[in-house]
Amino acid sequence: MGLADYCEGKVSVFGKNPREYDGSVYSSFGCVLDGDGLYERLSCFDNLEVFADVYSIENKREMILNLLDRVGLSDARKRKVSDLSKGMRQRLSFARAILHNPKIVILDEPTSGLDPATTLRIHSLVKELQNRGTSFLFTTHNMSEAQKMCGRLALIHRGNIIERGSASEICMRNAGKVRVRIRTEQGRMFETDVGELEKQIGEICSSGDRVAAIHSDEPSLEGVFIKLAGKGL
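The model shown is predicted, which means the values in this text are computed figures rather than measured ones.

Describing the overall build of the protein chain
Next up, step 1: The secondary structure content of the protein chain amounts to eight helices and eight strands.
Next up, step 2: Taking 17 Å as the expected radius of gyration for a compact globule of 233 residues, we find that the protein chain reaches 24 Å, considerably beyond that expectation.
Next up, step 3: The principal-axis extent of the C-alpha atoms belonging to the protein chain is close to 75 × 45 × 35 Å.
Next up, step 4: For the protein chain, contacts bridging at least 24 residues in sequence account for 57% of all contacts bridging at least 6.
Next up, step 5: Here the protein chain has roughly 14300 Å² of accessible surface; of this, 48% comes from carbon and sulfur atoms.
Next up, step 6: Of note, the protein chain has its 33 positive side-chain charges centred 1 Å away from the centre of its 32 negative side-chain charges.

Here it is, written out as structure tokens:
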């Protein structure tokens, strides 16, 4: 966003170097950062109205009420921010970030402190905006969230990118030798390599038993990160 300068490499957003931004570019960004920057003495509605006026949003009342409902804050619309819980503040920050339909939304730990139901609601909103062409940049320690929400990922350790690509690409590159576990209807357990799976199933069926479940042990994104970064995190 051009808030901090970079010391090496190249950065290009909308075809421009952030050092060359003019004021018009900032309306293309939305963000939820570590400090929420909300106005403590204003209500949830009034906080969003301030930014609706900044972005000259038409039908602002209808849009704000709809957005508060989408993030589960309809009943709290008149409450002061100072009276909100951490999770409620997080939801209001997210609503503010997408209020003006930005092209790029930067989210720093966007669902930190949220309950599972609210997290799903936020994820649903993100997916909806992604389908409409909005790009999202997540920074998160939640690997399952990264795997679920991000098409492309970069794993960063001590300031360096140690892996990049889709979640499945990263996991498969670091899979090693995948083992498969088989449980039969008679309760027997077998473990074999992927290449020997068909043969093992044939032997089980030949013995008069039947396969009840098959599980493979592909690495998780979290497991890959720990493997690449080491235990000294």
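From this point, things continue past the structure.
Quick word on the nonpolar core
Next up, step 1: Membership of the largest hydrophobic core comes to 45 residues, with the highest contact counts inside it found for Leu 68, Leu 92, Phe 94, Leu 99, Leu 107 and Val 126.
Next up, step 2: Considering each element in turn, this core owes the most residues, six residues, to helix α3 (residues 86-98).

Observations concerning the side chain of Thr 134
Next up, step 1: The topology assignment puts Thr 134 in the loop between α4 (116-131) and β3 (135-139).
Next up, step 2: Given a relative accessible area of 13%, Thr 134 falls into the buried group.
Next up, step 3: Polar side-chain contacts of Thr 134 include one of 3.5 Å to the backbone oxygen of Pro 102.
Next up, step 4: Setting aside chain neighbours within four positions, we find Thr 134 in contact with Pro 102, Lys 103, Val 105 and Leu 129.

Considerations on the packing of aromatic side chains
Aromatic rings considered in pairs are described by the distance between their centres and by the relative angle of their planes.
Next up, step 1: Across all of its chains, the model carries five aromatic pairs by this definition.
Next up, step 2: With a centroid separation of 6.2 Å and an interplanar angle of 50°, the aromatic rings of Tyr 21 and Phe 29 are classed as tilted.
Next up, step 3: Judged by relative accessible area, which is 12%, Tyr 21 ranks as buried.
Next up, step 4: Residue classification places Phe 29 among the buried positions, given a relative accessible area of 6%.
Next up, step 5: An aromatic cluster is defined as three or more aromatic residues linked by ring pairs; in this entry it consists of Phe 14, Tyr 21, Tyr 26 and Phe 29.
Next up, step 6: Lys 103 extends its terminal NZ or CZ atom over the ring of Phe 14, reaching a point 5.7 Å from the ring centre.

As for the pattern of salt bridges
Next up, step 1: For the structure shown, the criterion picks out 10 salt bridges.
Next up, step 2: Asp 36 is the partner of Arg 89 in a salt bridge, and the nearest nitrogen-oxygen pair spans 2.9 Å. You can see Arg 89 sitting in helix α3 and its partner Asp 36 sitting in the loop between β1 (29-32) and α1 (44-54), a full 53 residues away along the chain. For the pair shown, Arg 89 and Asp 36 are each scored as buried.
Next up, step 3: Here the residues in one salt-bridge network are Asp 36, Glu 40 and Arg 89, joined through shared partners.

Criteria and thresholds
Residues numbered from 1 in each chain as written. Predicted model: local features only at pLDDT ≥ 70, side-chain atom pairs only at ≥ 80, totals over all residues. Heavy atoms only, no water. Helix = DSSP H or I, 4+ residues; strand = E, 2+ residues; numbered from the N terminus. Rg over C-alpha atoms; globule rule 2.2 N^0.38 Å. Contact = heavy atoms within 4.5 Å. Areas by Shrake-Rupley, 256 points an atom, 1.4 Å probe, with all protein chains shown as cover. Lys, Arg positive; Asp, Glu negative; His and termini not counted. Charge placed at Lys NZ, Arg CZ, Asp CG, Glu CD. Core = buried A, V, L, I, M, F, W, Y, C linked by side-chain atoms within 4.5 Å. Buried < 20%, exposed > 50% of the residue type's maximum accessible area, 1.4 Å probe, protein only. Polar contact = N/O pair within 3.5 Å; in protein donor to acceptor, adjacent residues only side chain to side chain. Phe/Tyr/Trp six-rings, centres within 6.5 Å; stacked < 30°, edge-to-face > 60°. Lys NZ or Arg CZ within 6 Å of the ring centre and 35° of its normal. Salt bridge = Lys/Arg side-chain N within 4 Å of Asp/Glu carboxyl O.

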